[in-house]
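# Structural characterization, general
Listed below, chain by chain, are the residues.
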Amino acid sequence: MKQLVASKVAEQTWILESVSAPISSACEDGWYYIQNGNTLGFMTLEVDSTDTDVNVVLKSDQDDAGKWYVKNLGNGYITLVNSRGKSLNVYGNSSTSGANILVNDTKVDAKAQIFYLKGTSIEGTFTMLTKASNLECAVMVDTNNNNNVRQYTHSSSDNIWTFIPTKAPENN
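Rules used throughout
- For every chain, the first residue of the written sequence is number 1, and numbering continues from 1 along that sequence.
- Only residues with pLDDT of at least 70 get local features here, since the model is predicted, and only at 80 or more are side-chain atom pairs given and counted; chain-wide, interface and lining totals rely on the full set of residues.
- Based on all heavy atoms of the structure, the side-chain values leave hydrogens and waters out of the count.
- Joining through side-chain atoms within 4.5 Å is the link that ties buried Ala, Val, Leu, Ile, Met, Phe, Trp, Tyr and Cys residues into a set, and such a set is a nonpolar core.
- For each residue, the accessible area found with a 1.4 Å probe, counting protein chains only, is set against the maximum for its type, and the residue is called buried under 20%, exposed over 50%, and partly exposed in between.
- Strands are runs of DSSP state E lasting at least two residues, helices are runs of H or I lasting at least four, and both sets are numbered from the N terminus onward.
- Contacts are residue-level and defined by heavy atoms, with any inter-residue pair within 4.5 Å sufficient.
- Any pair of nitrogen or oxygen atoms within 3.5 Å is treated as a polar contact; in protein, a donor-acceptor pairing is required on top of that, and neighbouring residues in sequence qualify only through side-chain atoms on both sides.
- Residue-level confidence of the predictor is what pLDDT reports, using numbers from 0 through 100.
- Between rings of Phe, Tyr and Trp, where Trp is taken as its six-membered ring, a pair exists when centres lie within 6.5 Å; planes separated by under 30 degrees are stacked, by over 60 edge-to-face, and by other angles tilted.
- Look at NZ for Lys and CZ for Arg. If either is within 6 Å of the ring centre and within 35 degrees of the ring normal, a charge sits over the ring.
- Salt bridges, as used here, are contacts in which a Lys or Arg side-chain nitrogen is within 4 Å of a carboxyl oxygen on Asp or Glu.

Counting residues in each nonpolar core, the largest one holds 29 residues, and the members touching the most others are Met-43, Val-56, Leu-80, Met-128 and Phe-163. When residues of this core are assigned to their parent elements, the largest contribution, three residues, is made by strand 3 (residues 54–59).

On to the environment of Gln-113, then. Within the fold, Gln-113 resides in the loop between strand 7 (101–104) and strand 8 (115–119). Separated by 32 residues in sequence, Gln-113 and Val-81 place their C-alpha atoms 9.2 Å apart. For Gln-113, the residues in contact, after removing those within four places along its chain, are Ile-78, Thr-79, Ser-87, Leu-88, Asn-89, Asn-104, Asp-105, Thr-106 and Lys-107. There is a polar contact of 3.1 Å between the side chain of Gln-113 and the side chain of Asn-89.

Phi at Asn-93 is positive, roughly 55°, even though this residue is not glycine. Along the chain, Asn-93 falls in the loop between strand 6 (87–90) and strand 7. Overall, Asn-93 belongs to the partly exposed group, its relative accessible area being 38%. The phi angle at Asn-146 is positive, at roughly 55°, despite the residue not being glycine. Looking at the secondary structure, you find Asn-146 in the loop between strand 10 (137–142) and strand 11 (148–153).

Moving on, we come to the confidence of the model for the chain. With 81% of its residues at a pLDDT of 70 or more, the chain shows a mean pLDDT of 86. For the chain, per-element mean pLDDT is lowest for strand 8, which scores 93, and highest for strand 6, which scores 98. Residue range residues 16–25 is modelled with pLDDT below 50. Its contacts to residues more than four positions away, or to other chains, number 15 contacts.

With that out of the way, let us pick up the environment of Phe-163. Among the structural elements, Phe-163 can be located in strand 12 (residues 161–165). Remark: the alpha-carbon pair of Phe-163 and Thr-125, spanning 38 residues in sequence, is separated by 7.4 Å.

Per the stated rule, a full pass over the model turns up five aromatic pairs. Summarising the aromatic geometry, the rings of Phe-126 and Phe-163 are spaced 5.9 Å apart at their centres and angled 85° between planes, so their arrangement reads as edge-to-face. Of the two residues, Phe-126 is situated in strand 9 (residues 125–130) and Phe-163 in strand 12; the sequence distance between them amounts to 37 residues. Side by side, Phe-126 and Phe-163 carry an identical accessibility label, which is buried. Three or more aromatic residues link up through ring pairs in this structure, and these residues are Tyr-32, Phe-126 and Phe-163. Residue placement shows Lys-131 over the ring face of Tyr-77; its charged tip is 5.4 Å from the ring centre.

With that settled, consider the pattern of salt bridges. Enumeration over the complete set of coordinates arrives at five salt bridges. With a closest N to O distance of 3.3 Å, Asp-64 and Lys-67 form a salt bridge. Lys-86 serves as the salt-bridge partner of Asp-105, at 2.5 Å between the closest nitrogen and oxygen. Here Lys-86 lies in the loop between strand 5 (77–82) and strand 6 and Asp-105 lies in the loop between strand 7 and strand 8, a separation of 19 residues in the sequence. For Lys-86, a relative accessible area of 13% translates into the label buried.

This is how it looks when you write it as structure tokens:
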């Protein structure tokens, strides 16, 4: 590390921290922040809670409630469990465009909790398609509704996500 001093400017010391780069090809098991490529917000809980049926939204800050454990099921399929022990879930196992995304208790082989990661033309980004919709809908953000996360028929940049590796939450 080199300290730089500019003339007529008070001395400044820079501290650089190592930051993990986003994943680029396959999503490995592990803890991630999930960032929307359009709004740059992070997927998290509307209210930090261990309850079921808590709404999922985008917020500008990274927090423990916004850490997600990716479990790779193979062939591009994953499940996501948040740091509060709840699974990302399409409400009512709906296949309808516009269905809400929330967290719920983890259920084995529940279609509502299985997502397919499809690479995009942008390096290190994915579209998350929902198995509940038979891959017809993607996880997207509703910017007209408090950055609420829903599934919609995928056709815009609101469905681009970056998985940023992070450490396990403090409570794990």
